[in-house]
Amino acid sequence: MPTTPKTLLWTRTDTAGAEHALVDDGQGMLAHGTQVAVDPIPYTCRYQVATDADWSSVRLEVEVEGAGWRRSVRLERATQRWRVTAAEQGDLDAVLAAGGHAPAGLPGVEDPDRLADALDVDLGGSPLFNTLPLRRLGLTTRPADTSHRIDVAWVLVPSLAVLPTEQVYTGLGPERFRYASEGFSAEVEVDRDGYVRRYPGLAERQAPR
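This section reports on the structure supplied with the text. Being a predicted model, the structure only gives us computed values, none of them experimental.

Another aspect to go through is the overall build of the chain. Per the secondary structure count, the chain includes 2 helices and 14 strands. Relative to the 2.2 N^0.38 estimate, which gives 17 Å for 209 residues, the radius of gyration of the chain is 17 Å and therefore close to what a compact globule would have. Here the C-alpha coordinates of the chain stretch approximately 50 × 45 × 40 Å along the principal axes. Looking at the chain residue by residue over its 209 residues, the buried ones come to 43%. Taking contacts inside the chain between residues at least 6 apart in sequence as the whole, the part at least 24 apart equals 45%. As presented, the chain carries roughly 10,600 Å² of accessible surface, and 48% of it is formed by carbon and sulfur atoms. Computed over 22 positive and 30 negative side-chain charges, the inter-centroid distance for the chain is 4 Å.

Here's what the structure looks like:
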């Protein structure tokens, strides 16, 4: 029987911006969404993400654009390897330099084999992507203080550079977990399905009226 997609809307708290996602999680996840933000420069980011039935990520497509530039990246996992393709139009680095920001570098990753151990993908600035490891690990139903160290393919926004990153997820009891990576940590509130309600310093979900 077809499932009705969830509609999720977050307001960014680290900058002016928002994210809207439509999510079908009847068997794993199939979702698409849009981010808008003004930091470090105004941009719109559109994405599609898919997992298998065990919630391991199998595909992520992202396109981000602003005034005078556009970038895209596609990640696909098959036979325990990631294939990454990227493209760009315009000159994002020139736009960043005009605003006094550091250059973004190239989109994608030079050596996809560096992502070989990643079962999850993470899109910068998006609270939706925390749900992927939460559901894959079953962390929302495990005892408190259960920690998992995972390898992630992290896609930076707006550059769309792809980095192999280590993250730690620790259950803190019903509907809470701690996220930690590279010296940063936050205690995040989620609903019973593992979707973020409040991510301190990043975003808060808006309830339908």
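Structure shown, so let's carry the discussion forward.
So, on to the side chain of Ser159. Along the chain, Ser159 falls in the loop between β9 (147-155) and β10 (162-171). Here Ser159 falls in the buried class, since its relative accessible area comes to 7%. Engagement of the side chain of Ser159 in a polar contact is seen with the backbone nitrogen of Ala161, the distance being 3.1 Å. With sequence-adjacent residues up to four places away left out, Ser159 is seen in contact with Arg71, Leu92, Ala104 and Pro107.

Another aspect to go through is the nonpolar core. Counting residues in hydrophobic clusters, the biggest one holds 52 residues, and the most contacted among them are Met29, Leu75, Val121, Leu128 and Phe129. Discounting residues that sit within four places of it in the chain, Leu75 has contacts with Val58, Arg59, Leu60, Trp82, Arg83, Val84, Leu115, Val121, Ala153, Val155 and Val162.

Thresholds applied
- Residues numbered from 1 in each chain as written.
- Predicted model: local features only at pLDDT ≥ 70, side-chain atom pairs only at ≥ 80, totals over all residues.
- Heavy atoms only, no water.
- Helix = DSSP H or I, 4+ residues; strand = E, 2+ residues; numbered from the N terminus.
- Rg over C-alpha atoms; globule rule 2.2 N^0.38 Å.
- Buried < 20%, exposed > 50% of the residue type's maximum accessible area, 1.4 Å probe, protein only.
- Contact = heavy atoms within 4.5 Å.
- Areas by Shrake-Rupley, 256 points an atom, 1.4 Å probe, with all protein chains shown as cover.
- Lys, Arg positive; Asp, Glu negative; His and termini not counted.
- Charge placed at Lys NZ, Arg CZ, Asp CG, Glu CD.
- Polar contact = N/O pair within 3.5 Å; in protein donor to acceptor, adjacent residues only side chain to side chain.
- Core = buried A, V, L, I, M, F, W, Y, C linked by side-chain atoms within 4.5 Å.

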